[in-house]
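Residue-level listing of the chains:
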Amino acid sequence: IALSSSRQRLISLGRYPGAFERAETAREVFKRQGDRLRLARLDANLANILHRQDRFEEALVLYRRAQQALESFGEHRDVAIVLSNMAVCSISLNDFSGALEAYQTARAYCETRHMPLLVAQADYNIAYLYYLRGEYPRAIELYRATRLFCDRVGDAYHRALCDLDQAEMYLELNLAGEGGELAQQAFASFETLSMGYEAAKALAFLGIAANQERKPFRALELFAKARERFTREQNS
């Protein structure tokens, strides 16, 4: 358990090689003990690392294995989170039908088991899927509803993700002012939360906004800072 906990702290700090090393040590311990539940949770956490490094196909293999084991133990919250993460991976692989299926499964799973917070998180993720499909009005509507919910329950992380995603959407529509404002809000939130990967994405979006506003030197400065952070996160 101590090895598993220290691995999670290393993930949060972006120290992935150390996290992988501790995970393999923990796996051997859990195997010797026949602890299938902790092995499943270990798979899910390792998939999270691979996901943050954009190694989506590898992550999906571990997520699916974790899902099956966690369902057998009745770990409903963990199953819901894994399903949501699988959908995000599918989006990154441009498998939109697979993503929608995973989100709908996650939402129904959470609704029938009375987990309203995870239902809201599923709705947030569905908003992102609508954005990727080009259904911008529906996506904006869902982001607005999700922000209000996050404010009520104190979920700063998903609120910041709404800002980040909508900033990307506005920049795609060449709305540099609106996109830059939301990217700045997202960056400030992720800095407070010590979320390096997400903060790096916000910086990259700020660079795009500056470029759209014909501020090339500011854009180059922001892109350099984003590159430095992505390098630190080992995200090629």
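In what follows, the structure referred to is the one given above.
Now for a description of the structure that goes with this document. (Residues numbered from 1 in each chain as written. Predicted model: local features only at pLDDT ≥ 70, side-chain atom pairs only at ≥ 80, totals over all residues. Heavy atoms only, no water.)

Points about the layout of surface pockets
Thinking step 1. The calculated volume of the largest pocket comes to roughly 1,400 Å³.
Thinking step 2. Taken together, 48 residues line the largest pocket, and the ones lying closest to its centre are His51, Asn85, Val88, Tyr157 and Glu198.
Thinking step 3. Elements with a minimum of two residues in the lining of the largest pocket: α1 (2-12), α3 (36-52), α4 (56-72), α5 (76-92), α6 (96-112), α7 (116-132), α9 (156-172) and α11 (196-212).
Thinking step 4. Grouping the constituent residues of the lining of the largest pocket by class yields 26 nonpolar, 14 polar and eight charged. (1 Å grid on protein atoms, 1.4 Å probe; cavity = no way out; pocket = protein on both sides within 12 Å on 5 of 7 lines; lining within 4 Å. Points joined across faces, edges and corners; volume = space filled by probe spheres on them. Helix = DSSP H or I, 4+ residues; strand = E, 2+ residues; numbered from the N terminus. Nonpolar A, V, L, I, M, F, W, Y, C, P; charged D, E, K, R; others polar.)

A few points about the packing of aromatic side chains
Thinking step 1. According to the stated counting rule, one finds five aromatic pairs in the structure shown.
Thinking step 2. Seen in terms of ring centroids, Tyr124 and Tyr143 are 6.2 Å apart; in terms of plane orientation they differ by 50 degrees. Their pairing is tilted. Pair noted here: Tyr124 is in helix α7 and Tyr143 is in helix α8 (residues 136-153), with a separation of 19 residues, a long-range link. The two residues Tyr124 and Tyr143 agree in class, both being buried.
Thinking step 3. Both rings, one in Tyr131 and one in Tyr136, keep their centres 6.0 Å apart while their planes meet at 35 degrees; by these two values the pair is tilted. The pair formed by Tyr131 and Tyr136 is uniform in burial state, with each residue classed as buried.
Thinking step 4. Members of the aromatic cluster, each reached through a chain of ring pairs, are Tyr128, Tyr131 and Tyr136.
Thinking step 5. Taking the ring centre of Tyr109 as reference, the NZ or CZ of Arg113 above it sits at 3.7 Å.
Thinking step 6. The aromatic ring of Tyr130 is capped on one face by Arg138, whose charged end is 5.8 Å from the ring centroid. (Phe/Tyr/Trp six-rings, centres within 6.5 Å; stacked < 30°, edge-to-face > 60°. Buried < 20%, exposed > 50% of the residue type's maximum accessible area, 1.4 Å probe, protein only. Lys NZ or Arg CZ within 6 Å of the ring centre and 35° of its normal.)

Functional significance is not addressed by these values, which are geometric in nature.
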